[in-house]
Amino acid sequence: QVQLVESGGGLVQAGGSLRLSCAASGASGMIVSINTMGWYRQAPGKQRELVASISRGGSTNYADSVKGRFTISRDNAKNTVYLQMNSLKPEDTAVYHCNANVHTRWTVPPLNDYWGQGTQVTVSS
């Protein structure tokens, strides 16, 4: 039972910044390792899109729309992924969901994707 808990969303004016955090947790010893972690977002009437992802080794991938403005990072010791969002635009308004591909001890299959509940990011003009 892996849970992802997001924080850091909120309301910000255009040009401002927000920092999202997502921490993965489970029963003692359940999480063996976490592979890729990422942030997705979905705006009303729009398809969910990948914003940024990061491998366990630190390789990153960004959507073209956020490249140069957003930075994804992770702390493997804390099983946490972050998304630093700068120069925010109204078009960034969406529900942001954390995703993690996790290897666990007792699940079948042992490798699964887990999702956070989502955190709202609203950028006003």
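The structure reproduced in this document is the subject of the present report. (Residues numbered from 1 in each chain as written. Predicted model: local features only at pLDDT ≥ 70, side-chain atom pairs only at ≥ 80, totals over all residues. Heavy atoms only, no water.)

Quick look at the state of the cysteines
When the sulfur atoms of two cysteines share a covalent bond, that bond is a disulfide.
Then step 1. With the rule as written, the count across this model stands at one disulfide.
Then step 2. Here C22 pairs with C98 through a disulfide, and the sulfurs are 2.1 Å apart. Taking the torsion about the S-S bond as the criterion, the C22 to C98 disulfide, at about -85°, is left-handed. With C22 in strand β3 (residues 18–25) and C98 in strand β9 (residues 94–104), this residue pair connects regions lying 76 residues apart in the sequence.
Then step 3. Given a relative accessible area of 0%, C98 falls into the buried group. (Disulfide = S-S within 2.5 Å. Helix = DSSP H or I, 4+ residues; strand = E, 2+ residues; numbered from the N terminus. Buried < 20%, exposed > 50% of the residue type's maximum accessible area, 1.4 Å probe, protein only.)

What to know about the pattern of salt bridges
Then step 1. Taken as a whole and assessed by the stated rule, the structure comprises four salt bridges.
Then step 2. Between D64 and K67 there is a salt bridge; the shortest N-O distance is 3.4 Å.
Then step 3. Residue D64 is classed as exposed on the basis of its relative accessible area, which comes to 67%.
Then step 4. Between D92 and R69 there is a salt bridge, and its shortest N-O distance comes to 2.8 Å. Placement of D92 in the loop between β8 (80–85) and β9 and of R69 in the loop between β6 (60–62) and β7 (70–75) is noted, with a sequence separation of 23 residues between them.
Then step 5. Ionic contacts of the salt-bridge type, sharing partners, join the residues R41, E49, R69 and D92 into one network. (Salt bridge = Lys/Arg side-chain N within 4 Å of Asp/Glu carboxyl O.)

Considering the side chain of S21
Then step 1. When you line up the elements, S21 lands in strand β3.
Then step 2. Apart from the residues within four sequence positions on either side, S21 is in contact with V5, E6, S7, W39, V81 and Y82. (Contact = heavy atoms within 4.5 Å.)

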